[in-house]
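The primary structure of each chain is shown beneath.
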Amino acid sequence: MPDGVESFECAPGLRLEAHERLVALQFQNSVERLERLEAMIERIEKRLWLAVYGALAAILGQAFQSLLTAVP
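Note that the structure is predicted; figures quoted are calculated from it, not measured.

Colleague: Talk me through the UniProt feature "transmembrane region" (unreviewed entry) in the protein chain; I want residue IDs and the actual numbers.
Modeller: This chain's UniProt record puts "transmembrane region" (unreviewed entry) on residues 48-68. As a span, residues 48-68 carries 100% helix and 0% strand, and end to end its C-alpha atoms are 30 Å apart.

Colleague: Pulling in residues and values, what's your account of a nonpolar patch on the surface?
Modeller: A cluster of nonpolar residues, Leu48, Trp49, Val52, Tyr53, Leu56 and Leu60, forms a patch on the protein surface that exposes about 630 Å² of accessible area. Position of Leu56 relative to the elements: it lies in helix 1 (residues 11-70). With a relative accessible area of 45%, Leu56 lands in the partly exposed category.

Colleague: Describe the pattern of salt bridges, and please don't skip the residues or the numbers.
Modeller: A full pass over the atoms with the stated rule returns one salt bridge. Of the charged contacts in the structure, one is a salt bridge between Arg21 and Glu17, with a shortest N-O distance of 3.0 Å. Of this pair, Arg21 and Glu17 are both found in helix 1, four residues apart, which corresponds to roughly one turn of the helix. On the basis of relative accessibility, which here comes to 39%, the residue Glu17 falls in the partly exposed class.

Cut-off values and rules
- Residues numbered from 1 in each chain as written.
- Predicted model: local features only at pLDDT ≥ 70, side-chain atom pairs only at ≥ 80, totals over all residues.
- Heavy atoms only, no water.
- UniProt positions renumbered as here; feature names shortened; annotations may be inferred.
- Helix = DSSP H or I, 4+ residues; strand = E, 2+ residues; numbered from the N terminus.
- Patch = residues over 30% accessible without salt bridge, like charges linked within 9 Å, V, L, I, M, F, W, Y side chains within 5 Å.
- Areas by Shrake-Rupley, 256 points an atom, 1.4 Å probe, with all protein chains shown as cover.
- Salt bridge = Lys/Arg side-chain N within 4 Å of Asp/Glu carboxyl O.
- Buried < 20%, exposed > 50% of the residue type's maximum accessible area, 1.4 Å probe, protein only.

Here's what the structure looks like:
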C-alpha cells in the first residue's frame, strides 16, 4: 500500500468476514455437539456391557446353584 493512502473496509468485505466468523462458530458448535454425542454413546455402551455381564452372571449363578443342589 503506498504511503498516504488510507485503507478502508467496504461492505462486501465486512459481510464476507462476518460470514466467515459465523461459519466458524457453526463449525465449532457442530464439533461440540459431536463430542457430546460421542460421550453419550460411550456411556450407553458401558451400560449395555454392564447389563450383558449382569445377565451372564445371573445365568451362571443359576447354573452353579442347580449343580450344587444336584450333587449331594
